[in-house]
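# Working through the structure, step by step
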Amino acid sequence: MFERDRMLHCRIRESMKQIYTENIQSNESNESLESIEFESIICFGLGNFTQQPSSLYQLALLIHLQKYSKLIRAENFQIYDPNFSDLELQFLQTFQLQILSDNNDCRFSCQENRATSFHQTKPILFYMPHMYHHHYFNLIDYNLLNLDRIILFGNSLKAYDEMLDSSDDLKQLQNLLSNIKFAEIAVKSNSFRFDDVFFQQSFHCFHQNQIESDLKQKNYE
């Protein structure tokens, strides 16, 4: 077990090095992103990083962001994926993080679940690469009154908003996005050798004062 953990740590360090030299250094938005300190980081849907190279690189970026945010307490760095293997769960426990038992299909309130902090002006990063659009809908819809606290890393919401698709769940997300205003910083996937890892991935922040008044009045159980 020790040898497998050591090998995984080595693979992650190498992945972090590749991401930094091939993607982060070449990204003109790098300085602005690295200047942000998060109150907490919450990761959903990372996938099986011992089997999928894309998940391994996404884990490497997650750890990179965690280090820049200087998150010390485990409750400030939370992660969940129902598909994690026992080996992956054991490996994740070697980091300073909290493994959640459930995330209610991404209906996860940053107001109720965030760790107590004296620096409540800092944003909360939801790290959700390559998830389904209903997951993004659930997260945004469940946090309408606190969207100004959230930075979302995941599939481009702008791309979703421009899609022509007949599926009901995508229309539901598009209707929600039409009532909020957000800014998006896209990851330059063509600057990294494995362009599928961060394909159409973006950082998003939301403007609370742009939410329609009828959405503000929505009640949650």
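What counts and how
Counting restarts for each chain: residues are numbered from 1 in the order of the written sequence. Owing to the predicted nature of the model, reporting of local features is limited to residues with pLDDT of at least 70; listing and counting of side-chain atom pairs is limited to 80 or more, with chain, interface and lining totals taken over all residues. The side-chain quantities take in all heavy atoms of the structure and omit both hydrogens and water. Being paired, for any two strands, means DSSP has found at least two bridges between them. Where helices and strands are cited, they refer to DSSP runs of H or I of at least four residues and of E of at least two residues respectively, numbered from the N terminus. Under the scheme applied here, a residue whose accessible area is under 20% of the maximum for its type counts as buried, over 50% as exposed, and between as partly exposed, the area being computed with a 1.4 Å probe on protein chains only. The criterion used for residue contact is that any of the two residues' heavy atoms lie within 4.5 Å. What pLDDT reports is the predictor's confidence in each residue, on a scale of 0 through 100. Here the aromatic set is Phe, Tyr and Trp, taking the six-membered ring for Trp, and pairing holds for ring centres within 6.5 Å; pairs whose planes are under 30 degrees apart are stacked, those over 60 apart are edge-to-face, and all others are tilted.

A word on the sheet that holds strand 1 (residues 40–44). Pairing within the open sheet is mixed, and its seven strands lie in the order 3-2-1-4-5-7-6. Two strands lie at the open edges of the sheet, namely strand 3 (98–99) and strand 6 (181–186), each paired on one side alone. Sheet topology note: the strand 2 (residues 77–80)/strand 3 ladder contains two bridges and is parallel. Across the sheet, I79 pairs through a bridge with I99, a residue of strand 3.

Time to look at helix 6 (residues 133–142). Of all the 10 residues making up helix 6, eight are buried; the element is thus mostly covered by neighbouring parts of the structure. The complete set of buried residues in helix 6 reads H133, H135, Y136, F137, N138, L139, I140 and D141. On its buried side, helix 6 packs onto strand 4 (124–128), strand 5 (150–155), helix 7 (157–162), helix 8 (168–177) and strand 7 (201–207).

What follows is about the confidence of the model for the chain. The predicted coordinates should not be examined in detail at positions where pLDDT is low. For the chain, the average pLDDT comes to 78, and 69% of its residues sit at 70 or higher. Every residue in residues 23–30 scores below 50 in pLDDT, and together they form 18 contacts with partners more than four places removed in sequence or on other chains. Between residues 210–221, whose pLDDT stays under 50, and residues either more than four places distant or in other chains, the model counts 19 contacts.

The final tally for this structure, using the stated rule, is 10 aromatic pairs. Aromatic pair F49 and F91: ring centres 5.8 Å apart, planes at 50°, arrangement tilted. Residue F49 is located in the loop between strand 1 and helix 3 (53–69), and its partner F91 is located in helix 4 (residues 86–92); the two are separated by 42 residues in the primary sequence. A relative accessible area of 0% means that F91 is categorised as buried. Arranged with centres 4.9 Å apart and planes meeting at 10°, the rings of Y127 and F153 form a pair that is stacked. Pair noted here: Y127 is in strand 4 and F153 is in strand 5, with a separation of 26 residues, a long-range link. Taken together, the aromatic side chains of F49, F84, F91 and F95 make up a single cluster linked through ring pairs.

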